[in-house]
Amino acid sequence: VQLQACGGGLVQTGGCLRLSCTASGRTFSRQTVAWFRQVPGKEREFVAAIRTSGGHTYYADSVKGRFTISGDNAKNTMYLLMNSLRPEDTAVYYCAADPSIILSSIQMSRMYNYWGQGTLVTVSS
């Protein structure tokens, strides 16, 4: 499956952005789809995930209450709505997917086999 992430950009503190992750070659059916982010010199960090079967969602503590992950199965697209953005949210955001993620591994980037190319989010102070 190929993933295409888009929607990044420059926004002021307190602003919002919506990232999209579209799959081709395979649907998001029965997958775990996640968003990770990375800044230079740091490891890739879990942001949020959704189980497309059942719709269960999971969030990093740092984004809980501000970010929302959702999906549109008809469009084969997953979204990350980011509200109340902070400068520390600045990063390259990646979407990832895999059909075989167990709950204890949902925040582990190395467990995901399919990745989008990343989209840059910059939050100015």
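Below or above, wherever it landed, is the structure these notes cover. (Residues numbered from 1 in each chain as written. Predicted model: local features only at pLDDT ≥ 70, side-chain atom pairs only at ≥ 80, totals over all residues. Heavy atoms only, no water.)

### Description of the state of the cysteines
Next, step 1: One pass over the full model with this rule turns up one disulfide.
Next, step 2: Covalent S-S linkage joins C21 and C95, the inter-sulfur distance amounting to 2.2 Å. Its S-S torsion of approximately 70° makes the covalent link between C21 and C95 right-handed. Of this pair, C21 sits in strand β3 (residues 17–24) while C95 sits in strand β9 (residues 91–98), placing them 74 residues apart in sequence. Neither residue differs from the other here; C21 and C95 are each classed as buried.
Next, step 3: Among the cysteines around C6, which has no disulfide bond, C21 carries the closest sulfur, lying 8.8 Å off.
Next, step 4: By relative accessible area, which is 39% here, C6 ends up partly exposed. (Disulfide = S-S within 2.5 Å. Helix = DSSP H or I, 4+ residues; strand = E, 2+ residues; numbered from the N terminus. Buried < 20%, exposed > 50% of the residue type's maximum accessible area, 1.4 Å probe, protein only.)

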